[in-house]
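Commentary on secondary and tertiary structure
The chain contents come next:
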Amino acid sequence: MAVLARAEYKPAQLATALRLGLLVPEVADVRAVVVGNQTFCARIMAPPGVLDWRVEYRNLRYEPVDCPTDVRSAVAAFVQDFGLKFGAFDFAVTAAGAWWLLECNPNGQWAWLEEAAGLPITAAMSPVRRSCRGAGSSMTGAAGIAPRGSTPQPLCPGRTRTTPL
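First, a word on what this report is: a plain description of the structure on this page. Everything quoted here is computed from the prediction, not taken from an experiment. (Residues numbered from 1 in each chain as written. Predicted model: local features only at pLDDT ≥ 70, side-chain atom pairs only at ≥ 80, totals over all residues. Heavy atoms only, no water.)

Bringing the pattern of salt bridges into the picture now. Pairing is possible between side chains that carry opposite charge, provided their charged atoms lie close to one another. Applying the stated criterion to the full structure yields three salt bridges. Measuring nitrogen to oxygen at the nearest pair gives 4.0 Å for the salt bridge that ties Glu 63 to Arg 43. Placement of Glu 63 in strand 3 (residues 61-64) and of Arg 43 in strand 2 (residues 38-45) is noted, with a sequence separation of 20 residues between them. Owing to a relative accessible area of 22%, Arg 43 belongs among the partly exposed residues under this scheme. (Salt bridge = Lys/Arg side-chain N within 4 Å of Asp/Glu carboxyl O. Helix = DSSP H or I, 4+ residues; strand = E, 2+ residues; numbered from the N terminus. Buried < 20%, exposed > 50% of the residue type's maximum accessible area, 1.4 Å probe, protein only.)

Structure (structure tokens):
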């Protein structure tokens, strides 16, 4: 990752959300998908010099990666504290192996990782979706996307967090 002056950004980079904050010297990104009590992680590797992997989908490589125990515990606590059954967490990973949390999307994309990294996310999703039926929750589409015209809702929304993070 590099710091770029505004004049150095390409139009495609300006069309995506920008990551602003502490510069993390990352060597790769990881998407960790939490479904129920299971966590699936895929390392996302972009070509050298790419600041934001989302502008290089055709040139990305993926591989399943083990989730460190402390990260697995933290994301499990996060979804439990927010009453969720699903969360797509994005991490920047440094050369030293440190995982820096960027965000959790309670309705994040995951379907492309199943094939690209060989992760059995759909199989894990089915029992969780069945457990939500009848619970008064609004379910999202099979790819984690709300149907056109509807408001996205997390899987099985639960209690609202009332304590500070």
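Moving on, there is more to tell.
Turning next to the packing of aromatic side chains. Under the counting rule described, the total for this entry stands at six aromatic pairs. Ring geometry for Phe 78 and Phe 82: centres 4.8 Å apart, planes at 35 degrees, overall tilted. Relative accessible area serves as the criterion here: at 26%, Phe 78 is assigned to the partly exposed category. Considering the side-chain rings of Phe 78 and Phe 89, the 5.3 Å spacing of their centres and the 80 degrees angle between planes classify their relative orientation as edge-to-face. (Phe/Tyr/Trp six-rings, centres within 6.5 Å; stacked < 30°, edge-to-face > 60°.)

A few words on the sheet that holds strand 3. Pairing is antiparallel across the open sheet formed by five strands, whose spatial order is 3-2-1-4-5. The open sheet has two edge strands, strand 3 and strand 5 (99-105), and neither has a second partner. Between one strand axis and the next, the sheet turns through 25 degrees on average, direction left out of account. Note: strand 2 against strand 3, four bridges, orientation antiparallel. In the strand pairing of strand 3, Ile 44 is matched with Tyr 62. With respect to the sheet, helix 2 (residues 69-81) is in contact with strand 1 (26-35), strand 2, strand 4 (86-94) and strand 5, its orientation differing from that of strand 4 by roughly 145 degrees. (Pairing = 2+ DSSP bridges. Axes fitted to C-alpha atoms, helices over the stretch in contact; angles between N-to-C directions. Contact = heavy atoms within 4.5 Å.)

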